[in-house]
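Read off the chains here:
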Amino acid sequence: EALENSEHANNTIVVLWADHGYHIGEKNRFAKQAFWERDTRTILMFKTPEMKKGTVCKAPTQLLDIYPTLVEYCALPKNELNEGNSLLPLLENPNKSWEHVAVTSYGQGNVSLRDYKHRYILYEDGSEELYDMINDPNEWTNIAGLKESQKIKAGFKKAIPQKQEPLSKVSYYTINEYWRAKVKESHAR
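What you are looking at is a predicted structure, and each value in this text was computed from that prediction instead of being measured. (Residues numbered from 1 in each chain as written. Predicted model: local features only at pLDDT ≥ 70, side-chain atom pairs only at ≥ 80, totals over all residues. Heavy atoms only, no water.)

Draft legend 1. Inspection of the pattern of salt bridges at higher detail. This model, assessed by the stated rule, comprises 9 salt bridges. Sharing partners across several salt bridges, the network here consists of Glu37, Arg41, Arg114, Arg119 and Glu139. (Salt bridge = Lys/Arg side-chain N within 4 Å of Asp/Glu carboxyl O.)

Printed below as a string of structure tokens:
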């Protein structure tokens with residue numbers, strides 16, 4: 001109400017986002033360190049003065065998209081070093097076709113990619129998971145090994161970031177055995 005009743009009601013963009021999800025028993029886990037939908041999904045809400053209330057968009061987006069969206073919306077100069085995609089086309093038309101995937105990484109060489117229909121996970125050891133999020137929203141059936149999944153995986157592989165920075169030498173992230181080993185490795189560099 002304060003914003004709506006202020007002089008800034010017609011020139012303010014509100015963005016609301018949150019940290020990633022958390023398992024509370026699903027898939028026999030109580031944690032947030034995984035690549036599945038429940039761990040990687042979060043809220044991302046934009047409200048511009050022109051938008052209608054209650055508009056929902058189901059396109060796969062990522063938090064990296066916030067900055068490019070605000071830059072374009074505000075007609076500011078682009079910074080070519082920034083990653084992410086402007087969501088302005090989706091803010092203008094939530095049903096617009098969206099060719100981008102949402103990318104999540106968890107340590108160097110581990111990546112999860114999500115489009116409208118599938119989630120693809122590639123681990124640093126080369127193992128893969130692929131889920132049909134329409135017919136298997138709880139990600140119980142890994143279809144990565146099926147012959148008919150090869151084309152889907154090939155499309156996702158094109159979107160994997162070519163460069164991932166190594167863990168910082170000052171990191172002390174020791175939540176589990178994987179990270180304890182990675183921290184030890186980074187400190188030895």
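From this point, things continue past the structure.
Draft legend 2. Layout of the side chain of Asn110. By secondary structure assignment, the location of Asn110 is in the loop between strand E3 (102-105) and strand E4 (111-114). Among the polar contacts made by the side chain of Asn110, one reaches the main-chain carbonyl oxygen of Tyr106 at a distance of 3.0 Å. One polar contact links Asn110 to Tyr178, side chain to side chain, over a distance of 2.7 Å. Not counting chain neighbours up to four residues away, the residues in contact with Asn110 comprise Phe35, Thr104, Ser105, Leu122, Tyr123, Glu124, Gln164 and Tyr178. (Helix = DSSP H or I, 4+ residues; strand = E, 2+ residues; numbered from the N terminus. Polar contact = N/O pair within 3.5 Å; in protein donor to acceptor, adjacent residues only side chain to side chain. Contact = heavy atoms within 4.5 Å.)

Draft legend 3. Representation of the packing of aromatic side chains in the model. This structure, assessed with the given rule, holds 4 aromatic pairs. Considering the side-chain rings of Phe35 and Tyr106, the 6.3 Å spacing of their centres and the 80° angle between planes classify their relative orientation as edge-to-face. Taken together, the residues Phe35 in the loop between strand E1 (14-17) and helix H1 (37-40) and Tyr106 in the loop between E3 and E4 connect sequence positions 71 residues apart. Look at Tyr120 and Phe156: their rings are 5.8 Å apart centre to centre, the planes differ by 15°, and that puts the pair in the stacked class. Taken together, the positions of Tyr120 in strand E5 (residues 118-122) and Phe156 in helix H4 (residues 150-157) put the pair 36 residues apart, joining distant regions of the chain. Assigned by exposure class, Tyr120 and Phe156 land together as buried. Among the aromatic residues, ring-to-ring pairing joins Phe35, Tyr106, Tyr123 and Tyr178 into one connected group. (Phe/Tyr/Trp six-rings, centres within 6.5 Å; stacked < 30°, edge-to-face > 60°. Buried < 20%, exposed > 50% of the residue type's maximum accessible area, 1.4 Å probe, protein only.)

Draft legend 4. Quick peek at the environment of Cys74. Its location among the elements puts Cys74 in the loop between helix H2 (66-73) and helix H3 (88-92). The class for Cys74 is partly exposed, based on a relative accessible area of 41%. Taking the C-alpha atoms as reference, Cys74 lies 30 Å from Gly21; in sequence the two are 53 residues apart.

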